[in-house]
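Structure at a glance
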Amino acid sequence: MPHKIGFVVVSSSGHEDGFSARELMIHAPTVSGWRSPRFCQFPQEIVLQMVERCRIRKLQLLAHQYMISSKVEFYISESLPEYFVPYQAERFRRLGYVSLCDNEKTGCKARELKSVYVDAVGQFLKLIFHQNHVNKYNIYNQVALVAVNIIGDPADFGDEGNTTSREKLIDHYLGHNSEDPALEGTYAGRPDHISPLDDLAFDMYQDPEVAQIIRRLDEKKREAVRRERYDHAKKLKQAIADLQKVGERLGRYEVEKRCAVEKEDYDLAKEKKQQMASYRAQVYQQLELHGLLHGELEMRRPVPLPLQPLARSSSPCHQKPVPSLPRPEEAGPENPCADALLQEKPSSCSLTPPPRRHSTADRSLPAAAPPRSNVENLPYDERPLPATRKQQGDASVEPEPEMSEAGRSDGRRGGTIPVEPEPLTEKALREASFAIDTLGETLVAGAYSKTWSCREDALLALCKKLMEMPVGTPKEDLKNALRASIFLIRRAVKDIVTSVFQASLKLSKMIITQYIPKHKLSKLETTHCVERIVPPLLTRTGDSSARLRALASNFIQEMALFKEVRSLQIVPSYLVQPLKVNSSVHLAMSQMDLLARLLKDLGTRNSGFTVDSVMKFAVSALEHRVYEVRETAVRIILDLYRQHQALVLEYLPPEDSNTRRNLLYKTIFEGFAKIDGRPTDAEVRAQKRAATEEAEKQKKEEIKVLQGQLAALKEIQAEVQEKESDAVQPKHQDAQGRRAAPPSAPEIPESHCLDNLCIFCGERSEAFTEEGLDLHYWKHCLMLTRCGHCRQVVEIASLTEHLLTECDKRDSFGKCYRCSEAVPKEELPRHIKTKECNPAKSEKLANRCPLCHENFAPGEEAWKEHLMGPAGCTMNLRKTHILHKAPAPPGKGPAVAKSGSSGSKAGSKIPTPRGGLSKTSSRSCAKR
C-alpha cells in the first residue's frame, strides 16, 4: 500500500537566511519551509534523496501564500550525478510540471495544496521553480515552498498483482462492482489505497505528538480488523476521530504561541504553553491512552477446551458448565466522555462510544457452543455458521445501526431488531414538540430512532394514518398534520439508509397527489410542501451514492410534472440558482442534468423557466471546472436556441475570431450554424480547400495544354527550317541574263520574313537572334518600356492596364475617372481636385499615351507613328536616345539597322534582365 516516503535535501540553488531547504524535511503547523534568495535568478532548483528506491505514486506541494512560483517541474533519477554540471542533467528524467495559482482571489492569504499523481521509479527527485507571480507583497521576487510530501511504494514491491486479483475475487463473491461510485474510496485494504494519515494536510495541521499517537492507534485499528475484533476497531476509530480534533486545536495553540514569541509578548506565550500542557494532560487522561496503545489488543491465549458438537443435546446431563472467559473488550473500563474538552464543536461525537448493551449470552456462553475467543481463533472454514450459533443458545446479538440491504431484510424476518424505539432525548423533545403534539410521541420516537427499520415503519405508518383521515376532519387539524409530516419528511430525506429515504419520497408523493386534493386544501399548503421538500432533495442529488442521486433527481422531475405542482412554477426557480464554487461535482452535474430534462418536459412558456433565467445560469455554468457541467450547459443553450434564436444571442458574446478561440463558444456557434442550416467553419474550410484543389487542377491542365501547343509550334518551326534548306536552288544564271531580267521581288518564305524582325517596332537586323531580340526588347525597342515598379518589360500602349491589374505594386495605384490613367493612390485625391489632367476620349475616337498624356488618332498604326515618328511622343526616352545619336555615314544601311547593331553591342555590357515581357508581349513573341 502506498505510504509516506522519508527524504533528505541533497542540494538547493540557494535560500534566504533562516529558510533553508532542510526545513522541508519537517512537517508541522509551525514550519516555515524554504525560500529562494532575494532577487534570485530563475529557475531555482531543489534535489531530494528518498530513503529508499521507490515507486512514487503521489507528490504534494504546499505553496506559500504570496511567494508563488508560476510553474514547478519534476525530474526523477535513479542515481545522483557526482557534480552538478549542465552536461550531466540528462541523468534526471522529466516527469512533467504543475502550474500554481496566483492567489489573487484570496488576497494572497491562503496557501495552495497541489497534489500530483505520478507513476515513476527512482531515488532522487528534483524540483525546478520558475519565475514568481508578481503581487504587492512579494517585493523581492522570491519563490517559496512550505512543505513537500512524497507518497509511494518500495520499488521491489512485487505482490501487487496477487493482492489485486485476490481483492477482485473477494468482490466477485460479495457481489461488489468496482465501478460503483458508491464504493469509491471506502475500502482501505486496496493495494492502491493511500491513508489519510499520510496526506500532507494531516501533518501540517496536527500537533506532531498527537499525530504520532494517531498513527499508532491506526496501526492498532488495522490489527484489530485483521483479527476481526470489530468492536475494538470501532472504539479505536472513534478515538482517532476525536484525537484529530484535539491535534488541530493543539496545533492552533502552538501557532498562536509562536506568533506571541515573535511579537515578544511572553506573557501570552507562557499562557498558551500552560493551556496546551493542561489540555494535553486532560485529554490523555480521559482517553486512557496507555491502555489503548498497549493493553487492549494483546490477545490472550485461550484456555484449551475440547470442541463440542454444533447440535445441542436434548439431555441436560450432556451440558457441562464451562467457565466464562473474559472478553478483550471488557478487559478495561469504558472510556468516559470527553465532550467537555471539545468545546468548539459541542455537537460532535464524544471520545468514547456509548456503552454497549450486553445480554446474558455475552457474559456466559452455553456449554454446547465453543467459547467466543476459541471461535475467533479457529480457521475461517471451521467456524460455525451464524444461524447455527443463534440456535444453540439464547444469545441475541444486537445488529449494527446501519446494515446492507440483505442484512436489513434478514434481520427483520429474524426478529432480532427491537420493535420498540428508544425514548426521545431532551433535545429531540424540544425540537419535535409540535410534531409530538400533532402525531403522538410513539410515531415521532420511531422517526427519531437509531434503528433504521423503526424509522421506516414510522414513515409508512404516518402515510397510512394520513390516507385514512376522514374527509370531514377540521381544516386546522389537517393543516397541522400536514406540517408535522413535512417536518418528519425533511429529516428522513437526509437519511443515509435507502429504504428510509424511499419511504420519505413515498410519503411526500402521497401528500401532494392524494392528501391535499382529497381534503381540498389550498395551494398555499402545496407551496409549503414543495418549498420545504425540494431544497434537501436537491442536496441529496449530490450524494456519493449513485442510487440515491438517481432517486432524488427522478423524484424532483416527477414532482415538477405533478399537475398540482406544475402550475405553481416553484421547482424551476430552484434549478436555475447559480452553481456554488465549492459545491460538489455530483451536485453540479445532477442540477445541470435535471435542468436539461425539465426544460424538454416543461418548455419556457408558463413553466417557471424563462429565457433570461436559463441563459444566465447556462452562461455562468460554461465557466465551471467540471467538463460534464460545461458540456450540459452547451446542450441547454443549443436546445434553447431552437426555440428562441434572437433572445439567446443577446446573452452570448459576438461571433468573431476572438470568441471562437474559446472551444466552448466555437462549439456553440457551430451548433447554431447546423440548426440554421448554414455551413460550419469546418465545412466552409473544406469547400474552400476543394475549390482551391479544383482550381489548381484546372491550372495544371491549362499549363499542360499550353506546353503541348508550344511543342507543336517548335515542331512546325523545325519543319519550316528544314524545307528552307532543301529549297535552295544550285542554278547559276548568266550575269547578262540576270542584268537583262527585270527586277522582281525574291520569293522568300513567309516564316523567313519573321526572322531577324522585331514584331513590335518592325525593325529588322541580322543581330536579332534569339538573344539579340531579348536585348532589343529589354533596352531599345521604341514600342516597349520597363515598368519602374516591377521592372517588367511591357508595351507602352498597355502600361496603364499593367499598373492597375498586373504590376506587383498594383494595390498602390488608382484610376483617374477623368484622364483614365493610373495614378498613385497617395496623389490621386490631389490629382482629381486640381483638375489639371487632360481628359481622355473613348478608344474609338482616340488613343491615350501614358507617357506624354496626350490624345492622338486611333488605331495600331497611330501608336507606331506616335511613339517612333520624329513629331510624335516627346516623353519616349528610347526615341530621344536614338535621336541624340550621330547620323550614320552614307552607304552603311538604314539608321534602324544601325540602332539594332549598336543595341547588340551594348547588350554585352548590361546585366541579364530581371523581369520578362508582359503578357501581351509574350503572346506576340509566341506568334513569332
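One can find the structure itself at the top, above this paragraph.
Attention here is on the structure that accompanies the text. Everything numeric in this text was worked out from a predicted model, so none of it was measured.

1. Some details on the pairing of strand β7 (residues 113-129)
In terms of burial, β7 is largely enclosed, as twelve of its 17 residues are buried. Alignment of strand β4 (residues 44-63) against β7, held across 14 bridges, turns out to be antiparallel. Paired with Lys58 across the two strands is Tyr117, which belongs to β7. Bridge count for strand β5 (residues 71-77) against β7 is six bridges, and the pairing is antiparallel. Paired with Glu73 across the bridge in β7 is Ile128.

2. Notes on the pattern of salt bridges
On inspection of all chains with the given rule, the structure shows 27 salt bridges. In this structure, the salt-bridge partner of Lys58 is Asp199, at a minimum N-O distance of 3.6 Å. Placement of the pair is Lys58 in strand β4 and Asp199 in the loop between α1 (160-174) and α2 (200-204), with a sequence separation of 141 residues. Neither Lys58 nor Asp199 differs from the other in exposure class; each is buried. The partner of Glu73 in a salt bridge is Arg94, with the nearest N and O atoms 2.7 Å apart. Here the residue Glu73 occupies a position in strand β5, and Arg94 occupies one in strand β6 (residues 93-99), the gap between them amounting to 21 residues. One continuous salt-bridge network, built from bridges that share partners, spans Arg55, Arg57, Asp119 and Asp153.

3. As for the nonpolar core
Ranked by internal contacts, the top residues of the largest apolar core, which has 89 residues, are Ile511, Tyr515, Leu537 and Met559. For this core, the leading source of residues is helix α16 (residues 498-519), giving ten residues. Listed in part, the 30 residues of the second largest apolar core include Ala63, Val72, Phe74 and Ile76.

4. Some thoughts on unusual backbone geometry
Note: most residues except glycine have negative phi, and most peptide bonds are trans. Cis peptide bonds are those with omega within 30 degrees of zero, and the linkage from Phe42 to Pro43 qualifies with 5°. Phi is positive for Asn141, close to 55°, though the residue is something other than glycine. Tracing the chain through its elements places Asn141 in the loop between β7 and β8 (144-154). We classify Asn141 as partly exposed; its relative accessible area is 29%. With a phi close to 55°, Asn606 is a non-glycine residue in the positive phi region. Here Asn606 shows up in the loop between α21 (585-602) and α22 (611-621).

Calculation rules
Residues numbered from 1 in each chain as written. Predicted model: local features only at pLDDT ≥ 70, side-chain atom pairs only at ≥ 80, totals over all residues. Heavy atoms only, no water. Buried < 20%, exposed > 50% of the residue type's maximum accessible area, 1.4 Å probe, protein only. Helix = DSSP H or I, 4+ residues; strand = E, 2+ residues; numbered from the N terminus. Pairing = 2+ DSSP bridges. Salt bridge = Lys/Arg side-chain N within 4 Å of Asp/Glu carboxyl O. Core = buried A, V, L, I, M, F, W, Y, C linked by side-chain atoms within 4.5 Å.

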